[in-house]
Amino acid sequence: MLKRYWLSAVLTFALVLSASCSTLNVGNSSPEREVDAFTLNVLEDSYFNGSSVEGYFLTTEETDTDVMVSVNAYGAADLKALYFEMEYDADQLRPMGVHYSEGIADDADRLSLTYLKDRGSVTSGQMVANPDWHSGFSGDGVLAVVNFRKAGTPLIRETSKVNTSPAGGALEITFDGTDLLEWWYNNPADYDQNGEVGISDLTPLGINLNKDASGATFMDSLSVVDGDKNGLITLADITPIGVNFGNSCNGGYNVYAGNSADKPSGGDPDVVSALDTVAFSAATGTNVQRKKFSYTVASPNAADEYWVRGVSAASELGTPSDTVGGDPNAKPGIELLNPTPDGGGTGTGADPFVITSLAQATGDFTFEVTASPNDGGGVVTGDAGVTISTNPAGANSNIDQATGVVSFNNTETSFTVSALVNGVATNNLSFSIQIAPAGLFIFTDPADTDWSTVTGDGATTETAYIIATNSFNTDGSTEFSFIANSMNDGSGDVIDVNTLTWGADIPFMVTNGWSTPGTATFEPNFTNTFVFAQDAELNNSNDVYVAAENLPE
């Protein structure tokens, strides 16, 4: 989410760092707050196109409820990106978000992403879009501000750091019929193809922003960066980075031989042992191509089928690829009869069927299962020993095995449909649901009469709500209330504001400290700020921008 930060005038503590890419420990500046240190690590990926920084230092500012930690650079030369990790005491602080100054880029030209789900660590990054068109930041100044609430960070459920979705398997695996296996790298949102989804994936996104990827083949690097697969590199391609953040394929790929019934689903354990592991460093390809892997089978068996699956840096197992090899006449098949998915696609792992409407995402699709040519072929849908399933199983609300009608639901964004015919697996048909998800959005409360004299729409700094009432500007007594909804047009589920944590760009400008959830009393002399909310899963809402207009008494 793009943020604007108005630099505060009071800086209470500073410690200078001597090297641009070292670790920085900053102690507590206030005896009232028992926090030992913040640790800053600026990532090497921040520096490209010859940019450099002499060093960094942190400054902190506190209120009764909040701590603001500013990341300052000095001696910067043409800096076009800043990617950093900041460690904090999770037992005493809760990160509320990261806001950026306009040093590297203004709101219109900035790409930014913040990841808060690693308890005790904030990972954040910003870069200027289309960097060849812009000069970078040079000199000294504040580049980012990390806001913390003085409250412990809730425990966060640990998840695997490998992609186990149906869309996460290697692409276009082939077998030459003799001994050579080849496949293409696929770790969704790893735009820089370094083996792990992280903040540095903003760089290829920013470089390629607004490029047309509709004609790119799956081998082209543009297809890698088109994370939402809509044929255009846009700001929406930031979302897949956040969804897949931390997913790794740095362990390379395991190679397997057997039959299709031996191949597990998703992140399930292996049924057969791996033949071998191909290291991630063994990939071939240039920076304008998708990476490619190959493996020579030492003792191929004519009846064997082969597949591969990515492995994380921690040896977690990812999604298996399609199977290749074996006797093609020994496999049954499944195909989609109707309807045609409204977003297109062919149903392969590299080009899944795409569903873009809620009606189709919760609707019925009809499939047909056929016997293998060795068994005479023919339609066997509904026959004894024939079962259709989805992976994951939660992608369907009902399957009529007799007719092949599968009722989807939209709880899974990507899944496959396949069948077993007397224990032998068919091909997989891949689906991707691409509907804008519900989130957390806040609005001014229309029932609150205090908003009656306010102008603007609050969506941007240029169209901020202008508060221009004498009562507000003289004593700050006017209180403004907000409501929350799950959809950005207010048409979704109402969210109880008592379940939310409220914040502001400069917190001390909200003088009541949100003591009544969803209400704000602003400091009368403020110029501008924005307010936002955060739910229990640390999802930030939109920003509502507010400004004051001083009136004569």
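Here the residue numbers are simple positions, counted from 1 along each chain's written sequence. Local features in a predicted model are, by the rule used here, given only for residues with pLDDT of at least 70; side-chain atom pairs are given and counted only at 80 or more, and totals for whole chains, interfaces and linings are based on all residues. The basis for every side-chain value is the complete set of non-hydrogen atoms in the structure, without hydrogens or water.

A. Layout of the overall build of the chain. Under the scheme used here, helices are H or I runs from DSSP no shorter than 4 residues and strands are E runs no shorter than 2 residues, and both carry numbers assigned from the N terminus. The helix and strand inventory of the chain stands at 5 helices and 35 strands. Taken against the 2.2 N^0.38 rule, which gives 24 Å for 553 residues, the C-alpha radius of gyration of the chain at 27 Å falls within 12% of a compact globule. The dimensions of the chain, computed from C-alpha atoms along their principal axes, are 90 × 55 × 45 Å. Type-normalised accessible area, obtained with a 1.4 Å probe on protein chains alone, sets the label of each residue: buried when under 20%, exposed when over 50%, and partly exposed for intermediate values. Classification of the 553 residues of the chain by burial places 50% in the buried group. Pairs at least 24 residues apart make up 66% of the contacts formed inside the chain by residues separated by at least 6 positions. In short, Shrake-Rupley with a 1.4 Å probe defines the accessible areas, and a residue's cover is counted only from the protein chains shown. In the form shown here, the chain has an accessible surface area of approximately 23600 Å², with 49% of it arising from carbon and sulfur atoms. Side chains of the chain give 20 positive and 71 negative charges; the mean places of these two sets differ by 4 Å. It is over C-alpha atoms that the radius of gyration is taken, and the globule rule equals 2.2 Å times the number of residues to the power 0.38. When checking whether two residues touch, look at their non-hydrogen atoms; a contact exists if any pair is within 4.5 Å. In this tally Asp and Glu are treated as negative and Lys and Arg as positive; neither His nor the chain ends contributes. Taken as the charge centre is NZ of Lys, CZ of Arg, CG of Asp or CD of Glu, depending on the residue.

B. Molecular detail of the packing of aromatic side chains. Aromatic pairs are defined between Phe, Tyr and Trp rings, using the six-membered ring for Trp, whenever the two ring centres lie within 6.5 Å; interplanar angles under 30 degrees are classed as stacked, those over 60 as edge-to-face, and all others as tilted. Taken as a whole, this structure holds 28 aromatic pairs when the rule is applied. Pairing Phe 353 with Phe 431 gives two aromatic rings, centres 5.1 Å apart and planes at 50 degrees, and the pair type is tilted. Placement of Phe 353 in strand S20 (residues 353–355) and of Phe 431 in strand S27 (residues 429–433) is noted, with a sequence separation of 78 residues between them. For the residue pair Phe 353 and Phe 431, the accessibility class agrees, reading buried in each case. Arranged with centres 5.2 Å apart and planes meeting at 75 degrees, the rings of Phe 408 and Phe 431 form a pair that is edge-to-face. Taken together, the residues Phe 408 in strand S24 (residues 405–408) and Phe 431 in strand S27 connect sequence positions 23 residues apart. Grouping residues by exposure puts Phe 408 and Phe 431 together as buried.

C. Here's a closer look at the environment of Asn 187. If you trace the backbone, Asn 187 turns up in the loop between strand S12 (180–184) and helix H1 (202–207). Taking the C-alpha atoms as reference, Asn 187 lies 8.6 Å from Val 162; in sequence the two are 25 residues apart. Here Asn 187 is in contact with Asn 163, Gly 195, Glu 196, Val 197, Asn 247, Ser 248 and Cys 249, once residues within four sequence places are set aside. A polar contact of 3.1 Å, which involves the side chain of Asn 187, links it to the backbone oxygen of Asn 247. Two N or O atoms form a polar contact when they lie within 3.5 Å of each other; inside protein one atom must be a possible hydrogen donor and the other a possible acceptor, and for residues adjacent in sequence the pair counts only when both atoms belong to side chains.

D. Representation of the nonpolar core within the structure. Within the largest apolar cluster, 32 residues are counted, with the highest numbers of intra-cluster contacts made by Phe 38, Tyr 56, Val 71, Leu 79, Phe 84, Met 86 and Phe 148. Those elements that place two or more of their residues in this core are strand S3 (38–42), strand S4 (55–62), strand S5 (66–79), strand S6 (81–87), strand S7 (94–100), strand S9 (121–128) and strand S10 (137–149). Tallying contributions element by element places S5 first for this core, with 6 residues. Here, nonpolar core means buried Ala, Val, Leu, Ile, Met, Phe, Trp, Tyr and Cys residues that are tied together by side-chain atoms lying within 4.5 Å of each other.

E. Structural view of the pairing of strand S25 (residues 414–421). The buried fraction of S25 amounts to 7 of the 8 residues, a majority that puts the element mostly inside the structure. When DSSP finds two or more bridges between two strands, those strands count as paired. Bridge count for strand S22 (residues 386–391) against S25 is 6 bridges, and the pairing is antiparallel. What sits directly across from Asn 391, in S25, is Thr 416. Relative to S27, S25 is paired through 4 bridges, and the arrangement is antiparallel. For Thr 416, the partnering residue across the bridge sits in S27 and is Ser 430. For S25 and strand S26 (residues 424–425), the ladder comprises 2 bridges, and the chain directions are antiparallel. In the sheet register, Val 421 faces S26, and the bridge partner there is Val 424. Hairpin connection from S25 to S26: 2 residues lie between these consecutive antiparallel strands, with Asn 422 at a positive phi of about 50 degrees.

F. How the structure looks around the sheet that holds strand S15 (residues 292–296). A sheet is described by the order of its strands in space; here 3 strands give the open sequence S11-S12-S15, paired in antiparallel fashion. Strands at the two margins of the open sheet, each flanked by one partner only, are strand S11 (171–175) and S15. Adjacent strand axes in the sheet meet at a mean angle of 10 degrees, parallel and antiparallel pairs treated alike. The sheet contact formed by S11 and S12 spans 3 bridges and is antiparallel. Across the sheet, the residue bridging to Leu 171 is Trp 184, located in S12. Here the axes come from fitting lines to C-alpha atoms, over the contacting stretch only for helices, and the angles between their N-to-C directions go from 0 to 180 degrees.

G. Quick look at the sheet that holds strand S23 (residues 396–400). Strand order in this open sheet of 4 strands is S19-S21-S24-S23, and the pairing throughout is antiparallel. Bordering the open sheet on either side are strand S19 (333–338) and S23, each of which pairs with just one other strand. Neighbouring strand axes in the sheet, compared pairwise and without regard to direction, differ in orientation by 25 degrees on average. Pairing between S19 and strand S21 (residues 364–370): 5 bridges, direction antiparallel.

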